[in-house]
Amino acid sequence: MISKTVSELFQENPKHQDVEVKGWVKSFRANRFIALNDGSTLRNIQCVVDFETMAEDLLKRITTGSAIQVKGTLVESQGKGQAVEIQVSGIMVLGDADPELVSKTILQPKRHSLEVLREQAHLRARTNTFGAVMRLRSSLSFAIHSYFNKNGFNYMHTPIITGSDAEGAGEMFRVTTLDPKNPPLTETGKIDYSKDFFGKETNLTVSGQLEAETYAMALGKVYTFGPTFRAENSNTSRHLAEFWMIEPEVAFMDLEGNMDLAEDFLKSVLEYILEHNATDLEFLENRLEQEEQTKPKHERSTMRLTEKLKFVIDNNFVRLSYTEAIEILKNSKPNKKKKFKYPINEWGADLQSEHERYLVEKHFKSPVILFDYPAQIKAFYMRLNEDEKTVRAMDILFPGIGEIVGGSQREERLEVLKKKMADLDIPEEELWWYLDLRQYGTAVHSGFGLGFERLVMFATGMGNIRDVIPYPRTPQNAEF
Ligand code: ATP
Ligand code: MN
């Protein structure tokens, strides 16, 4: 007989048919009720054992965490809380789990803090919370690919090892095969990277954008979805050293089109999980609700998780220029009462997470798209506006998260781009191919980067980015 997953069993019509299922024991009550989970769904299937017909030494081996195979009859459940259950006819233990050892791990069924779960990240996927988060993560990735596929985008795999550091100065991980104890040196005593594997200095990518642009200028609509690395030493709940980024890039699209795309895209993928991941979302919503209850009243969120998702889907994002945002922030209560760590005094200030969250959570109570930022605080490739002070940049800010998307219309004018690079001391030789794009059929084009884990945080309500990726990479931490 072919084994079915628990999820499949729940979709079956119970008519006393023989079934077989494999999974891990969540609990075994009264020598009679096994709660079995196989990860296909949050829900456990109840397996009812007739202990009088079972060998005692077999019953003893059915312990929390053990892997078993169950054969039996699928019937309508006698008890409350589940539609179907299995009347067990046979059990085989596939992998034992010593209760003594289990009691020292997070497999022991009780509440464990997320911090403790992180220390046993290889086991945390067996908890309800991480099962739900990881199924949602998977579902969101699928929704993302599906959205782009439906809309005529081509999936591009941009390189992970890059030879340009124009974008990530100081924040990159070096890739080298040189001997750190005895590297070849140049005449002036510097490390001689011409002797390195690629014959030049190379790093792990901080973004696939520049390469994606070259493909957008050939295929029209492209996107990347791949790992991204940043050696920024910011130990926050929203930064990872290794994260996944989605970067669409579209030829002949301006900043307005870019905002429309980002908004439609975000709404569409959130809609997908509301439709397809109801069980996991409900679980996480209740979990979050309990967590909220432990907070002081004024800090509690007024919306439940799925309400938040629906709110984003059903409402237009507020679109606001940087200049307007600065006015609001300057005159805001926390600024006047000196509650911001970084007070807003003048135009040109870089917005910190506290400012972004004020705009989104307090002032507008809605996702916000900020655009037309001062040129000095944004990257070299963003298109300069007529005022010559601002660039066609846009950041999308989400409640509880802050920046979730950063994008722009790209500078398509060769001379303007060259001047900008010269001002910033970016050597033309390093990006000759990027400049070439502006010589051979240059055109208006735009794109954005969405931090995948920030989206998963929003969708699951998890408060720390370390808890939405299987194995987080952060400063001083690369276990597992
Ligand atoms: P932040 O100001 O939050 O550090 P950023 O301005 O450095 O973000 P971009 O360079 O615009 O971010 O990258 C695009 C998107 O990638 C961001 O909007 C964010 O969602 C995500 N992102 C950036 N850095 C990280 C990181 N270290 N870990 C996880 N996601 C990140
Ligand atoms: Mn950053």
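Residues numbered from 1 in each chain as written. Chains lettered and ligands numbered in written order. Predicted model: local features only at pLDDT ≥ 70, side-chain atom pairs only at ≥ 80, totals over all residues. Heavy atoms only, no water.

**Points about the pattern of salt bridges**
Now for step 1: For the structure shown, the criterion picks out 27 salt bridges.
Now for step 2: When the shortest N-O distance is used, the salt bridge between Arg319 and Glu263 registers 3.0 Å. Residue Arg319 is located in strand S12 (residues 318–321), and its partner Glu263 is located in helix H7 (residues 255–276); the two are separated by 56 residues in the primary sequence.
Now for step 3: What makes Arg319 partly exposed here is its relative accessible area of 32%.
Now for step 4: Judged by relative accessible area, Glu263 falls into the buried class, the value being 8%.
Now for step 5: In this structure, Arg357 engages Glu361 in a salt bridge whose closest nitrogen and oxygen atoms are separated by 2.9 Å. Here Arg357 and its partner Glu361 are both found in helix H12 (residues 353–363), 4 residues apart, which amounts to about one turn of the helix.
Now for step 6: Given the relative accessible area of 32%, Arg357 is considered partly exposed.
Now for step 7: Among the residues examined, Glu361 registers a relative accessible area of 27% and is labelled partly exposed. (Salt bridge = Lys/Arg side-chain N within 4 Å of Asp/Glu carboxyl O. Helix = DSSP H or I, 4+ residues; strand = E, 2+ residues; numbered from the N terminus. Buried < 20%, exposed > 50% of the residue type's maximum accessible area, 1.4 Å probe, protein only.)

**What about the pairing of strand S10 (residues 221–229)?**
Now for step 1: Where burial is concerned, most of S10 is hidden: 7 out of the 9 residues are buried.
Now for step 2: By the bridge criterion, 2 bridges tie strand S6 (residues 154–155) to S10 in an arrangement that is parallel. Paired with Tyr155 across the two strands is Tyr223, which belongs to S10.
Now for step 3: With 9 bridges connecting them, S10 and strand S11 (residues 242–251) associate as antiparallel partners. Within the sheet, the bridge partner assigned to Val222 lies in S11 and is Glu249. (Pairing = 2+ DSSP bridges.)

**Examining helix H6 (residues 209–219)**
Now for step 1: Among all positions of H6, only Gln209, Leu210, Glu211, Ala212, Glu213 and Ala216 are buried.
Now for step 2: Where H6 is buried, its residues meet strand S7 (161–162), S10, S11, helix H14 (432–436) and strand S16 (445–451).
Now for step 3: Of the residues flanking the end of H6, it is Gly220, one or two places downstream, whose phi is positive at about 90 degrees. (Contact = heavy atoms within 4.5 Å.)

**As for unusual backbone geometry**
Now for step 1: In this structure, Lys365 is a non-glycine residue whose phi angle is positive, near 50 degrees.
Now for step 2: Checked against the element boundaries, Lys365 lands in the loop between H12 and strand S13 (368–374).
Now for step 3: The backbone phi angle of Asp425 is positive, close to 60 degrees, even though this residue is not glycine.
Now for step 4: Looking at where Asp425 falls in the secondary structure, it is placed in the loop between helix H13 (414–423) and H14.

**A few points about the packing of aromatic side chains**
Now for step 1: For the structure on display, the rule yields 20 aromatic pairs.
Now for step 2: Taken together, Tyr147, Phe148, Phe153, Tyr155, Tyr223, Phe265 and Phe448 form an aromatic cluster joined through their ring pairs.
Now for step 3: Over the face of the ring belonging to Tyr373 we find Lys378, whose NZ or CZ atom lies 4.3 Å from the ring centre.
Now for step 4: Seen from the ring of Trp347, Lys389 lies directly overhead, with NZ or CZ sitting 4.7 Å from the centre. (Phe/Tyr/Trp six-rings, centres within 6.5 Å; stacked < 30°, edge-to-face > 60°. Lys NZ or Arg CZ within 6 Å of the ring centre and 35° of its normal.)

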